[in-house]
Amino acid sequence: LIALLTVAIAAVVIIALFLGHRMMRGLADVGSVSVCWQLIGRGRYGTVFRGCLHERCVAVKLFSSANRQNYVNERSIYSLPLLQQHDNIAHFLSADERKTADGRPEFLIVMDFYPHGCLSRYLSVHTVDWSTCCRMNHGVTRGLAFLHTELNRGDQYKPAVAHRDVTSRNILVRADLSCVLADFGLSMRLTGSRPCCPVDNDTMAISEVGTVRYMAPEVLGGALNLRDCEAALKQVDVYALGLLYWETFRRCSELFPGEAVPEYQLAFQAELGNHPSFEEMQILVAREKFRPRFPEAWKENSLVLRSLKETMEDCWDQDAEARLTAQCAEERLCELALLSTHTAIQNHRNLCHASSPLQMG
Ligand code: ADP
Ligand code: MG
Ligand code: MG
């Protein structure tokens, strides 16, 4: 009787656990992807859930019918030749359309799941060491440089593409802390058969997109150079890249020797808080030419710090044409990664004592 009772109780427990598990996760089938409705992210256009595809963990980005254009665009960018072979571009798996219970269409993009989520989330809970910090930023820059490049390989053609929404929320972090560029919903082909060629009523659509906080001064000021749209939109991406470097290196432990690393902040968060308006950004960035402040700890002009600050400034220059290209920024990041902070700062101290300022090459 006891044995029977034990078996019965075990059975009840197992069934309850199974049902509870299913109810908690609300398993639903999306094509061959089973989505456990665990929300992992929410952006302006899509809601992202964790799912399973052939026992592999994936992310599913769901777009409502109102955001169909964003979905179509993102899918078309992910489908460009050669794009998926790059290590610093988010890995796309498939795209699909389906009907909701009440008959409305919705759209989904299935992609690799990045366990650390977006860069800003990662940095808000972790500090990073110098080499990791360089590797993260180098990866993002390498991804952007690749995106910006027009390529012909055999019969495959990849147009140059502008991302147009470079932010720390649109960079995803792998388990090994390498980074990929993601969220191509606003991206635009710059070369090839359907490059951007603005006509008057398109001007707004071409220039004023993206996340307000990361908008370049020429976008905020309505002065984007549409005569050379290809260069102009790449320069807008590089401006945002500079802000991204600032956010990331501010969380680098080695750059704050003997003191606490400052809390994570988004660019301009200290000045304008969590929801800056277009007008506030316009005044601060376009009119007053304000840029994020470097921490006190970076005052020392060691080779590393000088090189780092210069790289940021050369990315977010007010004069769009004076900015680095993504390719140049990638080289700068390579050079930075080779400098060991400790020895560089030490060398500088020694040189200062001999009253001979260190010159940047
Ligand atoms: P939107 O176009 O609406 O901004 P995103 O593609 O940027 O949507 O995704 C919104 C958020 O979801 C991201 O900032 C990130 O935190 C999270 N996210 C997106 N894709 C993934 C993924 N593949 N793995 C993990 N988290 C993701
Ligand atoms: Mg996004
Ligand atoms: Mg988007």
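Residues numbered from 1 in each chain as written. Chains lettered and ligands numbered in written order. Predicted model: local features only at pLDDT ≥ 70, side-chain atom pairs only at ≥ 80, totals over all residues. Heavy atoms only, no water.

What follows deals with the site of ligand 1. Every one of the 19 residues lining ligand 1 counts as a neighbour, but Tyr45, Gly46, Lys61, Asp112 and Arg169 are closest to it. Separating an oxygen atom of ligand 1 from a backbone N or O atom of arginine 44 is a distance of 3.0 Å. A distance of 2.7 Å is found between an oxygen atom of ligand 1 and a side-chain nitrogen or oxygen belonging to lysine 61. Summarising the interface, the protein chains cover 93% of the accessible area of ligand 1, which totals 550 Å² for the free molecule. Looking at the shell around ligand 1, the elements with two or more residues in it are β2 (33–42), β3 (46–53), β4 (56–63) and β6 (105–112). Tallied by class, the residues present in the shell around ligand 1 amount to nine nonpolar, four polar and six charged. (Near = heavy atom within 4 Å. Polar contact = N/O pair within 3.5 Å; in protein donor to acceptor, adjacent residues only side chain to side chain. Areas by Shrake-Rupley, 256 points an atom, 1.4 Å probe, with all protein chains shown as cover. Helix = DSSP H or I, 4+ residues; strand = E, 2+ residues; numbered from the N terminus. Nonpolar A, V, L, I, M, F, W, Y, C, P; charged D, E, K, R; others polar.)

For arginine 323, the position within the fold is in the loop between α10 (303–315) and α11 (326–338). A relative accessible area of 6% places arginine 323 in the buried class. Between the alpha carbons of arginine 323 and glutamine 69 there is a distance of 31 Å; along the sequence they are 254 residues apart. Residue contacts for arginine 323: discarding those within four places in its chain leaves Ala216, Pro217, Glu218, Gln235, Val236, Val238, Tyr239, Asp314, Cys315, Trp316, Asp317 and Gln318. Side-chain polar atoms of arginine 323 contact the side chain of glutamate 218, separated by 2.9 Å. Engagement of the side chain of arginine 323 in a polar contact is seen with the backbone oxygen of aspartate 317, the distance being 2.8 Å. (Buried < 20%, exposed > 50% of the residue type's maximum accessible area, 1.4 Å probe, protein only. Contact = heavy atoms within 4.5 Å.)

Right, let's get into the coordination of the magnesium ion (ligand 3). Protein-derived coordination of the magnesium ion (ligand 3) comes from Asp183 (OD) and Asp183 (OD), at a distance range of 2.1 to 2.3 Å. Taken as a pair, the magnesium ion (ligand 3) and the magnesium ion (ligand 2) lie 3.9 Å from each other and share aspartate 183 as a ligand. Mapped onto the secondary structure, aspartate 183 falls in the loop between β11 (179–181) and β12 (188–189). (Donors = N, O, S within 2.8 Å, 3.2 Å for Na, K, Ca; no water.)

Here we take up helix α4 (residues 130–148). Its 19 residues give α4 an end-to-end C-alpha distance of 27 Å, which sits within 8% of 27 Å, the value for a rise of 1.5 Å per residue. Judged by how many residues are buried, α4 sits mostly within the fold: 16 of 19 residues are covered. (Expected span 1.5 Å × (residues − 1).)

Here the focus is the packing of α10 against α11. Interhelical geometry of α10 versus α11 gives an angle of 165 degrees and a closest axis separation of 11 Å. What the angle tells us is that α10 and α11 run roughly antiparallel. Crossing angle aside, the handedness with which α10 passes α11 is left-handed. On α11, the residues that touch Val304, Ser307, Leu308, Glu310, Thr311, Asp314 and Cys315 of α10 are Ala329, Arg332, Leu333 and Leu336. Among the residues forming the contact of α10 with α11, the class breakdown is six nonpolar, two polar and three charged. (Axes fitted to C-alpha atoms, helices over the stretch in contact; angles between N-to-C directions. Parallel < 35°, antiparallel > 145°, perpendicular 65-115°, else oblique. Left-handed = near helix turned anticlockwise from the far one by under 90°.)

Here the focus is the pairing of β4. In terms of burial, β4 is a largely internal element, six of the eight residues being buried. Where β3 meets β4, eight bridges bridge the pair, whose relative direction is antiparallel. When the sheet's bridge partners are listed, arginine 50 is paired in β4 with alanine 59. Here β3 folds back onto β4 in antiparallel fashion, the turn holding two residues, of which histidine 54 has a positive phi close to 45 degrees. (Pairing = 2+ DSSP bridges.)

Take the confidence of the model for the protein chain next. On average, residues of the protein chain carry a pLDDT of 88, and 85% of them reach 70 or more. Within the model, pLDDT remains below 50 along residues 20–27, and this stretch shows eight contacts once partners closer than five positions in the same chain are excluded. Note on residues 350–361: pLDDT under 50 across the span, and 10 contacts to partners over four residues away in sequence or across chains. Across the interfaces of the predicted complex, the ipTM metric reaches 0.99, alongside a pTM of 0.87. (pLDDT = per-residue confidence, 0-100.)

So, about the nonpolar core. Counting 90 residues, the largest nonpolar core has Tyr78, Phe249, Leu255 and Phe268 as its most contacted members. Among the elements that take part in this core, helix α7 (residues 229–249) stands out by supplying 13 residues, more than any other. Look past the residues within four positions of phenylalanine 268 in its chain and what remains in contact with it is Arg213, Tyr239, Leu243, Gly273, Met281, Leu284, Val285, Phe290, Arg291 and Pro292. By size, the runner-up hydrophobic cluster in this structure holds nine residues, among which are Val33, Leu53, Leu62 and Leu108. (Core = buried A, V, L, I, M, F, W, Y, C linked by side-chain atoms within 4.5 Å.)

Let us now look at the pattern of salt bridges. Using the criterion set out here, one finds 11 salt bridges in the structure. In this structure, arginine 174 engages aspartate 87 in a salt bridge whose closest nitrogen and oxygen atoms are separated by 3.5 Å. In this pair, arginine 174 sits in the loop between β10 (171–173) and β11 while aspartate 87 sits in the loop between α2 (68–78) and β5 (92–99), placing the two residues 87 residues apart along the sequence. Exposure remark for aspartate 87: the relative accessible area of 46% places this residue in the partly exposed category. Among the ionic pairs, lysine 299 bridges to glutamate 296, the shortest N-O distance being 2.8 Å. Exposure remark for lysine 299: the relative accessible area of 52% places this residue in the exposed category. A residue is classified by how much of its surface remains accessible, and glutamate 296, at 62% relative accessible area, is exposed. Linked by salt bridges that have partners in common, Lys61, Glu74 and Asp183 make up one network. (Salt bridge = Lys/Arg side-chain N within 4 Å of Asp/Glu carboxyl O.)

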